[in-house]
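# Structural description and commentary
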Amino acid sequence: MKSTLTMATAALALSASTAFASNLVYCSEGSPEGFDPALFTAGTTFDASSHPIYNRLLEFETGTTNVVPGLAESVEASEDGLEYTFKLRKGVKFHSNEDFTPTRDFNADDVIFSFQRQGDENHPYNSYSGGTWEYYQAMGMPDLVESIEKIDDYTIKVTLTKPEAPFVANLAMDFASIVSAEYGQAMLDAGTPEKMNTAPIGTGPFKFVAYQKDAVIRYAANAEYWKEPADVENLIFAITPDASVRYQKLKAGECHIMPYPNPADIEAMQADGDITMMEQEGLNVGYLAYNTTMAPFDNPKVRKALNMAIDKNAIIDVVFQGSGEVAKNPIPPTMWGYNDAIVDDAYDPEAAKAMLEAEGVTDLSMKVWAMPVQRPYNPNARRMAELIQEDFSKIGVDVEIVSYEWGEYLDRSKDLNRDGAVLLGWTGDNGDPDNFLAVLLGCDGVEASNRAQWCHEPFEELILKAKQVTDQAERAKLYEEAQVIFKEQAPWATIAHSVVYMPMRNEVKGYKVHPLGGHIFYGVSVE
Amino acid sequence: MLRFLLSKLATFVPTFIGVTLISFMFIRVLPGDPIIVMAGERGMTEERYQEMVVKLGFDKPVIEQYWSYLTGVLQGDLGESFITKKPVWDEFFALFPATLELSICAMIFAIVLGLPAGVIAAVNRGKFFDRALMSSALIGYSMPIFWWALLLIIVFSGNLGWTPVSGRISLMFFFDDVTGFMLIDSLLSGQKGAFASAVHHLVLPTIVLGTIPLAVIARQTRSAMLEVLGEDYIRTARAKGLAPARINGLHALRNALIPVVTVIGLSVGTLLAGAILTETIFSWPGIGKWMVDSIFRRDYPVVQGGLLMIAVIVMIVNLTVDLLYGAINPKIRRRS
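For clarity, every value in this text was computed on a predicted model and none was experimentally measured.

Calculation criteria
Residues numbered from 1 in each chain as written. Chains lettered and ligands numbered in written order. Predicted model: local features only at pLDDT ≥ 70, side-chain atom pairs only at ≥ 80, totals over all residues. Heavy atoms only, no water. pLDDT = per-residue confidence, 0-100. Helix = DSSP H or I, 4+ residues; strand = E, 2+ residues; numbered from the N terminus. Contact = heavy atoms within 4.5 Å. Pairing = 2+ DSSP bridges. Axes fitted to C-alpha atoms, helices over the stretch in contact; angles between N-to-C directions. UniProt positions renumbered as here; feature names shortened; annotations may be inferred. Disulfide = S-S within 2.5 Å. Buried < 20%, exposed > 50% of the residue type's maximum accessible area, 1.4 Å probe, protein only. Buried area = accessible area lost by both parts, 1.4 Å probe. Salt bridge = Lys/Arg side-chain N within 4 Å of Asp/Glu carboxyl O. Polar contact = N/O pair within 3.5 Å; in protein donor to acceptor, adjacent residues only side chain to side chain. Nonpolar A, V, L, I, M, F, W, Y, C, P; charged D, E, K, R; others polar. 1 Å grid on protein atoms, 1.4 Å probe; cavity = no way out; pocket = protein on both sides within 12 Å on 5 of 7 lines; lining within 4 Å. Points joined across faces, edges and corners; volume = space filled by probe spheres on them. Lys, Arg positive; Asp, Glu negative; His and termini not counted. Parallel < 35°, antiparallel > 145°, perpendicular 65-115°, else oblique. Left-handed = near helix turned anticlockwise from the far one by under 90°.

Attention now goes to the confidence of the model for chain A. Should pLDDT be low for a region, the predicted coordinates there are not to be read in detail. Residue and element names in this part refer to chain A. In this model, chain A carries an average pLDDT of 91, and 96% of its residues clear a pLDDT of 70 or more. When pLDDT is averaged over each element of chain A, helix α12 (residues 300-308) comes out on top at 97 and helix α1 (residues 4-14) at the bottom at 38. Counted against residues more than four places away or in other chains, residues 1-21, with its pLDDT under 50, gives 33 contacts.

We now examine the sheet that holds strand β1 (residues 23-26) of chain A. Residue and element names in this part refer to chain A. With mixed pairing, the four strands of this open sheet are ordered in space as β1-β10-β9-β8. Each edge of the sheet is formed by a strand with only one pairing partner; in this case those strands are β1 and β8 (206-212). Across the sheet, the mean angle separating the axes of adjacent strands is 20 degrees when strand polarity is ignored. Relative to strand β10 (residues 234-238), strand β9 (residues 216-221) is paired through five bridges, and the arrangement is antiparallel. Bridging from a neighbouring strand, Val 216 pairs with Ala 238 of β10.

For the rest of this paragraph, the subject is the UniProt feature "domain: Solute-binding protein family" (unreviewed entry) in chain A. Taking the UniProt record as the reference, the feature "domain: Solute-binding protein family" (unreviewed entry) is found at residues 66-445 of chain A. Helix makes up 28% of residues 66-445 of chain A and strand 21%, with an end-to-end C-alpha separation of 26 Å.

This part covers the state of the cysteines. By definition, a disulfide links the sulfur atoms of two cysteine residues through a covalent bond. All names here are of chain A. Evaluation of the coordinates by the stated rule reveals two disulfides over all chains. Between Cys 27 and Cys 255 runs a disulfide, and the two sulfur atoms are separated by 2.4 Å. On the S-S bond that ties Cys 27 to Cys 255, the torsion sits near -105 degrees, and the link is left-handed. With Cys 27 in the loop between β1 and α2 (43-48) and Cys 255 in the loop between α10 (243-252) and α11 (266-271), this pair connects stretches of sequence that are 228 residues apart. What makes Cys 27 buried here is its relative accessible area of 0%. Relative accessible area serves as the criterion here: at 0%, Cys 255 is assigned to the buried category. A disulfide bridge connects Cys 443 with Cys 455, and the sulfur atoms are separated by 1.9 Å.

A few words on the interface of chain B and chain A. The interface of chain B with chain A comprises 43 residues on the first partner and 55 residues on the second. Taking both sides of the interface into account, the surface hidden between chain B and chain A amounts to around 4200 Å²; carbon and sulfur atoms contribute 61%. It is Glu41(B), Arg42(B) and Leu171(B) that lose the most area in chain B upon contact with chain A, and together they represent 21% of the buried surface on that side. At the junction of chain B and chain A, the tally comes to three salt bridges. Among the salt bridges present, the one from Arg298(B) reaches Glu405(A), with a minimum N-O distance of 3.0 Å. The tally of links from chain B across to chain A stands at six residue pairs in polar contact (both at pLDDT 80 or more). Going through the elements one at a time, α2 (34-39), α3 (46-55), α5 (88-123), α7 (145-159), α11 (244-281) and α12 (287-296) of chain B are the ones with two or more residues in the side of chain B that touches chain A. Sort the elements by how many residues they give to the side of chain B that touches chain A and α7(B) lands first, with six residues. Partitioned by chemical class, the residues of the side of chain B that touches chain A number 22 nonpolar, eleven polar and ten charged.

Quick look at empty space enclosed by the protein now. Summed over all chains, the structure comprises six cavities of 30 Å³ or more. Classifying every residue of the lining of the largest cavity gives four nonpolar, three polar and three charged.

Next up on the list: the UniProt feature "domain: ABC transmembrane type-1" (unreviewed entry) in chain B. Annotation from UniProt places "domain: ABC transmembrane type-1" (unreviewed entry) at residues 96-325 of chain B. Helix makes up 80% of residues 96-325 of chain B and strand 0%, and the two end C-alpha atoms of the span are 27 Å apart.

We now examine the side chain of Arg451(A). Within the fold, Arg451(A) resides in the loop between α17 (434-441) and α18 (457-468). Of the buried charged residues, Arg451(A) lacks a salt bridge, with Asp411(A) as the closest side chain of opposite charge at 7.3 Å. Residue contacts for Arg451(A): discarding those within four places in its chain leaves Tyr287(A), Ala289(A), Tyr290(A), Leu410(A), Ser413(A), Lys414(A), Arg418(A), Val422(A), Leu424(A), Leu440(A) and Glu41(B).

Attention now goes to the packing of α5(B) against helix α13 (residues 300-328) of chain B. Residue and element names in this part refer to chain B. The interhelical angle for the contact between α5 and α13, taken along N-to-C directions, is 50 degrees, at an axis separation of 10 Å. Relative to α13, the element α5 is oriented oblique. You can see that α5 and α13 cross each other, and the crossing is right-handed. On α13, the residues touching Val 88, Trp 89, Glu 91, Phe 92, Phe 93 and Phe 96 of α5 are Pro 301, Val 302, Gly 305, Met 309 and Ile 313. Taken together, the residues of the contact of α5 with α13 break down into nine nonpolar, one polar and one charged.

Working definition: two side chains of opposite charge can pair if their charged atoms are close together. Residues and elements named next belong to chain A. Applying the stated criterion to the full structure yields 33 salt bridges over all chains. Salt-bridge contacts for Lys 367 lead to Asp 419; the nearest nitrogen and oxygen are separated by 3.3 Å. With Lys 367 in strand β14 (residues 365-369) and Asp 419 in the loop between α16 (406-412) and β16 (421-427), this residue pair connects regions lying 52 residues apart in the sequence. Taking the relative accessible area as the measure of exposure, Lys 367 reaches 26% and is therefore partly exposed. The class for Asp 419 is partly exposed, based on a relative accessible area of 42%. A salt bridge links Arg 412 to Glu 408; the nearest nitrogen and oxygen atoms lie 3.1 Å apart. Of this pair, Arg 412 and Glu 408 both sit in helix α16, separated by four residues, roughly a single helical turn. A single network of salt bridges, built from pairs that share partners, joins Lys 304, Lys 312, Asp 344, Asp 345 and Lys 487.

This is how it looks when you write it as structure tokens:
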């Protein structure tokens, strides 16, 4: 089987139309929902669409959460933080396909088109393909963006309704991928607007070639890419939903690289001489959120005492099978603004019990909610809940584990009068601490994404201030302070950040694990 | 024969309406709001939620939703997937040929091996062959598909390297779908080695999916044969001195086929259920995995449409089986 890829190369060399000088085969875990990233929210879709096919005005530097220039060469913010002026890159070419050949290079019209279709209800593309523009909505763009104006062909001015520093990082997100206005118009004229989603045209390092639903996606390197062309001529996604089967394909040489290995296979992969294993903490956090509006959990000391009773290392061993790291802060360590000086609550059941007694809490019974689904930040919530139940029983707290169907779980856990502490987590969108701290712990999130129902004024003031300052170093300080308050107040027990493993064959060079969770193959070669 | 066919077709209509009703209600009875599932951990504002409710038509009374679904179905419109935003009809027909191809191969595999195994076991009742074949059938029937598939992959693909791990054809072959059946399309493509690769990729999934029907057919054939072999006319045939092969193959097997055909018909449902797991493991792009994913995502139009299409297929197969009874046994045809 090892010879499959070699065979493939040899055989294809015979056929001029499909000659592969170099292939990179990625055994992806699922099928994309489509190829217009602004329409969707799943990481699997972004891997197949925004990363290979498109660019954004700003980009996340692969392997970091730093925002770097993309299709915009530079960005300038006004003093009041309300206006952003983008200078666009010249000479950037869009791909072509059998229906479309671009007549001009990328310019400001494409930027206007890419955003207007998401924000303007009267735009001809606003309702195409059942578009609900979930990410654009979820990042609060409709309320945040007052206008996007074209100053000239290569200058764009964005005016905001309020100063919001994380806006810059939002523009590097997948939903902000730049599509071709000219292609949009051509498809509209042809009566096939859905081709924007099924036959994508972008400016990215790879051109879309073909998609066989649930089976294979094919891309070819974009020879006219505005940076160095990709190191492989063909990128192929072999869709392989089962993790054990992905591993077998990797071993057999049927693919070069795979995501999401089974935790149970990791040891064998690390021992395999043909496989290189890369790893990095994921941009996520798994937590147990108390309902801080209900007694006795409205008392920070009670929450702190419960946190001290949780043996997080045991959870990492049992639930994550080692593929996780204890979380001490609500943001992951790969993120700027992470406060490494914070010391986690020590696991000390005796002290925890004494603390509870000191607060007059005895014979406490509580519910712990266990999610019914697997998530990177919590691969087995039921097991995690059982371990917490055991830990809490050691300090005399009786735990009942409850669970609901996922939709119900998400809905009911938002209730202000919810009975019990909820196991949940979060995967970051844009590498900005605001995306964790404001979304999950801000006052606006109460009865929504703030499952602790925690609205604490000193913390809120810091995160609101951090939104308005544009200097990253200054913002980082504010977030570090916010984490100190978080630790004192303990609205959650921070449990774990998952560790992302990326097994690949030794011949793969140049791959970087991306902290935002995407799988990016530009700059990767096969020797 | 025409009356027989018409009487069978008459039962089709109420069953079809019943299936639309059940498929429509089934997914709605399950807890879980598709809009909340779509929004995930992030959630959405109440205002946005209400917008989505209107957009997806959930603000209308259920009866009205059902009526608009039913009228859509009768006009060939199964709706659009909430997730991919594509017509369910298009998605179904993009994936169904893969499931059908695999199911047909699995059924051929099961019949070609199951029928002779059952006959041999019956003729050798109580002897070594009977015991060996029936024990194997029992094991085959009890085998969890997931485990069986992984075992075969690890041994034959991983260790021995005889078969590909998964997929429908080697990635080296790239051609447009014509029929959606890889065996046919690979031949039409004219690419050297494509057909062989498609066959090669079918081996393990066919064995995995065909194992349970194979066991069922073998056991059913054996018991039907044993019953028939005890009949007077078989004794008469033997007394006439007919060759055993002629007695078993012509007189006994033909009469034993009625229950076997029934089992084969019923196995189509089992095959489609088994296809869900088989397709997931072998990365086979068929309707099984598509349906499961859509149930988890509460993608109502896909679940409704998929269930309806599967039910219609099972109904057509059952109708075919009924017609086959008539062909095999004229008495049934006349009774009707």
